[in-house]
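# Working through the structure, step by step
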Amino acid sequence: MASASSQSASILGAQAVVEALLRSGVHAGFGIPSIHNIAIYECLRQTPRFSHFVVRHEQTAGYAADAFARYSGKPAAIFASTGPGNLFTLVPLLESLQSGVPVLLVGTNIASALQSGHGGALHETPQQFDIIRPLTRFARRVMSPDEIPAAIAGAAAVLNGPNPGPAFIEIPHDFLYAPLTASAAVSKKADAVASIASLSPAPLASAARMLEQSKRPVMVLGSGLGQGREPALKVAEWLQAPVLTTTSGKGMIADDHPLCAGSISRLGAVQDLLEQADLLISVGAKLTEFDTGRYLLKLPAQHLQIVSDANYPGDRFPATQQLAGDIAAICGELAEGAKSRSGWFDMAAFRGQEQQRLQSLKSDAFTALGLLRGALHREDVVVNDQSILNYWASAFFPVMERNTFLYPSGSGTLGYALPAAVGVACAMQAAGLNLVGKQQRIVCIAGDGGFQYTLHELATLVQHNLPVKILLVNDESYGVIGFLQRSYFGQTHEVALKNPDFCKLAESYGLRAQRVNSVAELEKHMPEWLDHPGPGLLEWRTTLQAPWEVGAIPRPTNMPQVSPK
Ligand SMILES: Cc1ncc(C[n+]2csc(CCOP(=O)(O)OP(=O)(O)O)c2C)c(N)n1
Ligand SMILES: [Mg+2]
């Protein structure tokens with residue numbers, strides 16, 4: 001197969017795929033070669049400009065692409081084959097869809113000539129396209145080799161546009177070997193990135209009045225802020241408003257910024273703050289069930305919601321006014337001509353009281369997160385799974401830089417952390433960042449249950465020399481579910497886990513592994529775990545209490561109550 005960079009008039013479908021990806025700003029991807037897509041892999045082999053990372057499961061390819069995009073801001077590709085390969089990406093696509101992350105699934109289908117009949121073709125999947133399409137913001141079935149460049153250009157407009165999310169291109173595998181006609185093969189520019197219509201002056205003026213009239217405004221920033229971060233912070237500084245973030249928006253304001261009031265998911269003190277406020281300005285923020293204590297959080301009398309996509313945040317929290325458009329432009333206009341005001345809220349006292357309250361709980365989880373924060377640099381990255389320590393981190397781990405705290409808020413799935421850490425490490429590698437030493441570290445926090453969804457990716461860490469540091473909290477249990485069962489039913493059932501020796505397992509993959517049994521040992525071994533070159537696993541044998549169990553986060557009052565039998 002000729003080089004993918006050749007401009008010959010008769011390129012083949014697979015070359016058209018790789019050329020179109022590069023033209024669209026997709027320079028990296030994750031996947032597994034298969035009989036249906038090896039023609040693409042042959043082109044990737046000849047295209048060193050494209051960074052491809054082989055993984056151990058298509059699910060990983062999806063999560064890694066998601067994390068690559070979250071960390072780098074650049075879309076990433078997932079290469080998967082007909083049927084099982086494509087379907088293994090469904091949960092990652094769900095996560096990327098609900099979190100607005102640009103990933104492109106380049107998936108194959110059975111040969112075009114077989115599509116008029118049915119039955120027995122290798123990997124044949126009834127209605128494959130219709131299964132995947134609802135989890136995307138753009139899906140295109142390619143009907144001829146000539147359509148490949150335009151399909152990828154169409155996807156790129158969504159990936160690089162104002163409301164990004166997953167895209168899916170389905171290509172019958174025989175098209176990858178078929179020549180494009182000369183006119184179709186001529187380099188097609190990526191479609192223009194859709195721009196958002198500018199807002200008319202009237203809603204902006206009424207929003208500006210709302211801000212001016214409010215005496216006690218509070219802001220909440222989410223991961224949908226995009227380029228609007230600086231202007232949104234200008235609005236906050238003008239209003240001297242306390243600033244919260246959603247869990248996935250952590251880092252949109254540095255935790256040590258004088259206006260930062262932390263993550264909304266801590267509830268308690270956040271509810272007190274919101275009760276004193278007269279206006280909430282939410283910017284690019286999805287107020288999720290998890291972050292709002294099952295939607296019980298009471299918002300101030302007025303809520304100005306600024307989003308790039310009217311459909312993005314959902315409608316479970318009503319807005320007094322919604323401004324949907326270019327968030328940077330909207331916030332820029334709102335901050336324009338603002339007269340400076342003095343603050344209404346004593347942030348130092350708020351933070352001091354919160355710190356004292358949390359320390360008085362004497363929680364090992366909170367102490368461990370404090371140790372970790374102390375050992376990390378501002379720009380180091382923490383990637384989360386769904387375990388008790390991750391819930392503590394969502395609420396209380398201080399984040400200093402944007403895109404340095406990744407959390408599967410979109411789906412709440414187990415098994416995200418390790419593949420996502422792979423994605424971040426690959427993004428750093430592709431960007432030529434120095435991964436060795438103290439400059440930029442990636443910490444993956446998971447529980448023993450979630451870790452076992454995707455632990456085979458330890459092999460990927462070693463194969464690509466990705467220096468991910470895993471903190472594995474082993475309580476031999478689906479611990480948080482045990483807590484819920486005890487609170488609802490007084491008993492647990494099917495949460496005990498018989499686990500392997502994780503250290504031996506990690507060592508057999510080629511990782512350095514250590515086990516600690518107490519906070520004191522954790523503290524002692526943390527520096528060498530973090531600083532030793534290459535990937536490493538630190539297994540912490542402990543039983544942590546959930547933040548709701550010790551009152552660090554108040555329990556939602558609408559939990560079902562069943563008297564124990
Ligand atoms: C795919 C998926 N299946 C099930 C769940 C439900 N769930 C949430 S947390 C959890 C327990 C996780 O156990 P572990 O990773 O060991 O963390 P721990 O709670 O013990 O700290 C389960 C089963 C989920 N979130 N995602
Ligand atoms: Mg556990």
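Residues numbered from 1 in each chain as written. Chains lettered and ligands numbered in written order. Predicted model: local features only at pLDDT ≥ 70, side-chain atom pairs only at ≥ 80, totals over all residues.

This part is about the overall build of the protein. A tally of regular secondary structure across the protein gives 21 helices and 18 strands. A compact globule built from 565 residues would reach a C-alpha radius of gyration of about 24 Å, and the protein, at 24 Å, matches this within 12%. In terms of overall dimensions, the protein has C-alpha extents of about 70 × 65 × 50 Å along its principal axes. Counted over contacts in the protein with a minimum sequence separation of 6, partners at least 24 positions apart contribute 77%. (Helix = DSSP H or I, 4+ residues; strand = E, 2+ residues; numbered from the N terminus. Rg over C-alpha atoms; globule rule 2.2 N^0.38 Å. Contact = placed C-beta atoms within 7 Å.)

Around ligand 1, 17 residues are found, and the nearest of them are Ser 387, Gly 447, Gly 449, Gly 450 and Gly 479. Those elements that provide at least two residues to the shell around ligand 1 are helix H17 (448–454) and helix H19 (479–489). (Near = placed C-beta within 6 Å.)

The subject of this paragraph is the nonpolar core. One recurring pattern in soluble globular proteins is that nonpolar side chains are buried together. One finds Ala 64, Ile 78, Val 383, Ala 421, Val 424 and Cys 444 to be the most contacted residues of the largest nonpolar core, which totals 163 residues. In terms of residue count, the dominant contributor to this core is helix H16 (residues 417–430) (ten residues). In contact with Cys 444, not counting residues within four places along its chain, are Val 383, Ala 417, Leu 418, Ala 421, Val 468 and Ile 470. (Core = buried A, V, L, I, M, F, W, Y, C linked by C-beta atoms within 7 Å. Buried ≥ 20, exposed ≤ 12 C-beta atoms within 10 Å, placed from the backbone.)

We now examine the sheet that holds strand S12 (residues 321–324). To summarise the sheet geometry, strands pair through backbone hydrogen bonds and adopt either a parallel or an antiparallel arrangement. Pairing is parallel across the open sheet formed by six strands, whose spatial order is S9-S8-S7-S10-S11-S12. Of all strands in the sheet, those bounded by a partner on one side alone are strand S9 (260–263) and S12. With direction set aside, neighbouring strand axes in the sheet form an average angle of 20 degrees. Pairing between strand S10 (residues 279–283) and strand S11 (residues 302–307): five bridges, direction parallel. The residue bridging Leu 280 from the neighbouring strand is His 303, located in S11. (Pairing = 2+ DSSP bridges. Axes fitted to C-alpha atoms, helices over the stretch in contact; angles between N-to-C directions.)

Read across the open sheet, the six strands follow the order S2-S1-S3-S4-S6-S5; overall the sheet is parallel. Single-partner strands in this sheet number two, and they are strand S2 (51–54) and strand S5 (138–141). Recorded for the sheet is a direction-independent mean angle of 20 degrees between the axes of neighbouring strands. Both strand S1 (residues 28–31) and S2 contribute to a ladder of four bridges, which runs parallel. Among the inter-strand pairings, Gly 29 is bridged to a residue of S2, identified as His 52.

Remark: helix H14 (residues 364–375) packs on helix H15 (residues 388–396), axes separated minimally by 10 Å, with the N-to-C direction vectors making an angle of 65 degrees. Where H14 crosses over H15, the two elements pack in a sense that is right-handed. Here Ala 365, Phe 366, Ala 368 and Leu 369 of H14 lie close against H15, whose contacting residues are Ile 388, Leu 389, Trp 392, Ala 393 and Phe 396. (Left-handed = near helix turned anticlockwise from the far one by under 90°.)

Peptide bonds are trans in most cases, and residues, glycine excluded, mostly fall at negative phi. For Lys 362, which is not a glycine, the phi torsion comes out positive at approximately 50 degrees. Residue position: Lys 362 is located in the loop between helix H13 (347–360) and H14. Phi is positive for Glu 476, which is not a glycine, with a value near 50 degrees. Structurally, Glu 476 can be placed in the loop between strand S16 (468–474) and H19.

Spanning 14 residues, H13 covers 20 Å between terminal C-alpha atoms, matching the ideal 20 Å at 1.5 Å per step. Burial analysis of H13 places just one of its 14 residues in the buried class, which makes it a mostly uncovered element. Where H13 ends, the next residue or the one after it, Lys 362, has phi of about 50 degrees, a positive value. (Expected span 1.5 Å × (residues − 1).)

It is worth spelling out the pairing of strand S15 (residues 442–447) at this point. It is a general feature of regular strands that their side chains alternate between the two faces of the sheet. Among the six residues in S15, six count as buried, and that is most of the element. Burial along S15 is two-sided: the residues Ile 442, Cys 444 and Ala 446 and Val 443, Ile 445 and Gly 447 are all buried. Relative to S15, strand S13 (residues 381–384) is paired through four bridges, and the arrangement is parallel. From the neighbouring strand, Asn 384 faces S15, where its bridge partner is Ile 445. Bridge count between S15 and S16: six bridges; the pairing is parallel. Residue pairing in the sheet places Cys 444 in a bridge with Ile 470 of S16.

Along the chain, Glu 230 turns up in helix H10 (residues 229–239). Taking the number of C-beta atoms within 10 Å as the measure of exposure, Glu 230 has 12 and is therefore exposed. Along the backbone, Glu 230 and Ala 328 are 98 residues apart, and their C-alpha atoms lie at a distance of 7.8 Å.

Judged from the five bridges that link them, strand S17 (residues 512–516) and strand S18 (residues 536–541) form a sheet pairing that is parallel. Within S18, the residue paired with Gln 514 across the bridge is Leu 538. Once the chain exits S17 it traverses helix H21 (residues 519–531) before rejoining the sheet at S18, and the crossover so formed is right-handed. (Right-handed = clockwise from strand over helix to strand, strands pointing away.)

Of all residues in the protein, 94% have pLDDT values of 70 or greater, and the mean over the chain is 93. Confidence drops under a pLDDT of 50 for residues 2–8, and excluding neighbours within four residues, the segment shows twelve contacts in the predicted structure. (pLDDT = per-residue confidence, 0-100.)

Here we come to the environment of Arg 266. Structurally, the position occupied by Arg 266 is in the loop between S9 and helix H11 (269–276). Taking the number of C-beta atoms within 10 Å as the measure of exposure, Arg 266 has 24 and is therefore buried. Remark: the alpha-carbon pair of Arg 266 and Ala 395, spanning 129 residues in sequence, is separated by 4.6 Å. When near neighbours in sequence (up to four residues on either side) are disregarded, Arg 266 contacts Ala 395, Phe 396 and Ile 553.

The assigned domain composition of the protein is domain 1 (13–185), domain 2 (201–345) and domain 3 (361–541). Between domain 2 and domain 3, the C-alpha centre-to-centre distance is 31 Å. Counting from both sides, the interface comprises 14 residues of domain 2 and, opposite them, 14 residues of domain 3. Classifying every residue of the side of domain 2 that touches domain 3 by side-chain character gives three nonpolar, six polar and five charged. (Domains from an automatic or database assignment. Nonpolar A, V, L, I, M, F, W, Y, C, P; charged D, E, K, R; others polar.)

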